[in-house]
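# Structural description and commentary
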Amino acid sequence: MDLAVLWFWIVAFLFVGYFVLDGFDFGVGMSLPFLGKDDTDRRVLINTIGPVWDLNETWVIVAGAALFAAFPEWYATLFSGFYLALLLILLALIARGVSFEYRHQRPEDAWKRRFDWMIIVGSAVPALLWGVAFANIVQGVPLDAEHNYTGTLFDLLNPYALLGGLTTLLLFFTHGVVFVALKTDGDIRQRARRLATRAGVITIVVAASFLVWTGFAHGTAWFWGLAAVAALALIGSWLANGRGAERVAFTLMAVTIGAAVFALFAALFPDVMPASNDPANSLTIANASSTPYTLTVMSWTALIFLPLILAYQGWTYWVFRKRVTRQTIDPAAVH
């Protein structure tokens, strides 16, 4: 396999890791107004992701670094053209991270409420805008002959892209609520399962609409196969959640997100940034990639360090595998 093609799929894998892992972080954050009846409930929700949210977030840094090194032309066009959208994502992630660290610093309810809303907004904005960004990448954007984006922020907010954003928003929300059911116990666990059931129905309809639209406009045989896997896994997760099989439901949600992201990359291949105004201006794997020497060095580096990163992340999840309950957060709140 050509190294540039290999790195196209490695970048896809890194974004899969980010969306699967930080995706449920976003979902937990967005679930605060739905599942957090009181401060103890909200502390339970936050503590389900407390030990891992920052580690999950590093996947986007690794994905961005890999994109920069392997496909500098793609990176330059994407980050300059989508500057405002990516800036909003960055600000939202900063606000969310600050809120996790500062929420508990003072006892006043008003102080905590302000940071709760920062967590909610800081989770919803990236969940929406990542979908908008990837939908635009697949659909194509106007580029000039030097591969510079010639549109505006509002051009990115087209119906197809907004549907993509709504899809990721709902997928991450449902993923997060299923994770809450997996990581908690008692009343909040039961409420999370019921919420996941209701949200799952809407998510299935919206995600199916987006995948069908993408398939008819940009689909390939690989896209349809991966989209089918994503659809079946999403339905399977919904059914498993209804039966109370939280581990199965969560695993299938991860499969759903992973297969959907790979499907979008399959629809994109062999382009990396199609030009909607003139195909001749499109960025492809061939004209956007680094030199073979750079890709060779990166490949050896990834071969050495990527397994270590995966092993460390797996060990972290094993250490923090126990359920979080109201009793562990505040024994006085349990009656």
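Since we're looking at a predicted model, the values are computed, not measured.

The secondary structure content of the protein chain amounts to 15 helices and 2 strands. For 335 residues, the compact-globule estimate of 2.2 N^0.38 gives 20 Å, and the protein chain sits close to it at 20 Å. Across its three principal directions, the C-alpha atoms of the protein chain cover 70 × 40 × 35 Å. Out of the 335 residues in the protein chain, the part that is buried amounts to 52%. Looking at the protein chain alone, contacts between residues at least 24 apart form 79% of all its contacts between residues at least 6 apart. Surface exposure of the protein chain reaches about 15,300 Å², of which carbon and sulfur atoms provide 70%. On the protein chain, the mean spot of the 21 positive side-chain charges and the mean spot of the 22 negative ones are 17 Å from each other.

Following the sequence through the fold, G165 ends up in helix α9 (residues 159-183). Residue class for G165 comes out buried when judged on its relative accessible area of 0%. The spacing of G165 and S209 is 44 residues in sequence and 12 Å in space, taken between C-alpha atoms. If near-sequence neighbours (up to four positions away) are discounted, G165 is found in contact with A127, L128, G131 and V132.

Our focus in this paragraph is the packing of aromatic side chains. One pass over the full model with this rule turns up 36 aromatic pairs. Taking 5.0 Å as the distance between ring centres and 50 degrees as the angle between the ring planes, the aromatic pair formed by W53 and F100 counts as tilted. Placement of the pair is W53 in helix α4 (residues 53-70) and F100 in helix α6 (residues 83-102), with a sequence separation of 47 residues. Under the relative-accessibility criterion, W53 is labelled buried at 10%. You can call F100 buried: its relative accessible area is 10%. Over the ring of W318 we find R321, and its NZ or CZ is 3.8 Å from the ring centre.

A cluster of nonpolar side chains, contributed by Y83, L84, L87, L88, L90, L91, I94, V98, Y102 and M118, occupies part of the molecular surface with about 890 Å² of accessible area. Ranked by the residues each element gives to the nonpolar patch, the list is headed by α6, at 9 residues. The residue L88 is located in helix α6 in this model.

Across all of its chains, the model carries 14 salt bridges by this definition. The salt bridge involving D38 is made with R326; its shortest N-O contact spans 3.1 Å. Taken together, the residues D38 in the loop between α2 (32-35) and α3 (39-49) and R326 in helix α15 (residues 326-329) connect sequence positions 288 residues apart. For D38, a relative accessible area of 29% gives the class partly exposed. Salt bridges sharing partners connect three or more residues here, namely D38, D41, D187, R191 and R326.

The rules behind each value
- Residues numbered from 1 in each chain as written.
- Predicted model: local features only at pLDDT ≥ 70, side-chain atom pairs only at ≥ 80, totals over all residues.
- Heavy atoms only, no water.
- Helix = DSSP H or I, 4+ residues; strand = E, 2+ residues; numbered from the N terminus.
- Rg over C-alpha atoms; globule rule 2.2 N^0.38 Å.
- Buried < 20%, exposed > 50% of the residue type's maximum accessible area, 1.4 Å probe, protein only.
- Contact = heavy atoms within 4.5 Å.
- Areas by Shrake-Rupley, 256 points an atom, 1.4 Å probe, with all protein chains shown as cover.
- Lys, Arg positive; Asp, Glu negative; His and termini not counted.
- Charge placed at Lys NZ, Arg CZ, Asp CG, Glu CD.
- Phe/Tyr/Trp six-rings, centres within 6.5 Å; stacked < 30°, edge-to-face > 60°.
- Lys NZ or Arg CZ within 6 Å of the ring centre and 35° of its normal.
- Patch = residues over 30% accessible without salt bridge, like charges linked within 9 Å, V, L, I, M, F, W, Y side chains within 5 Å.
- Salt bridge = Lys/Arg side-chain N within 4 Å of Asp/Glu carboxyl O.

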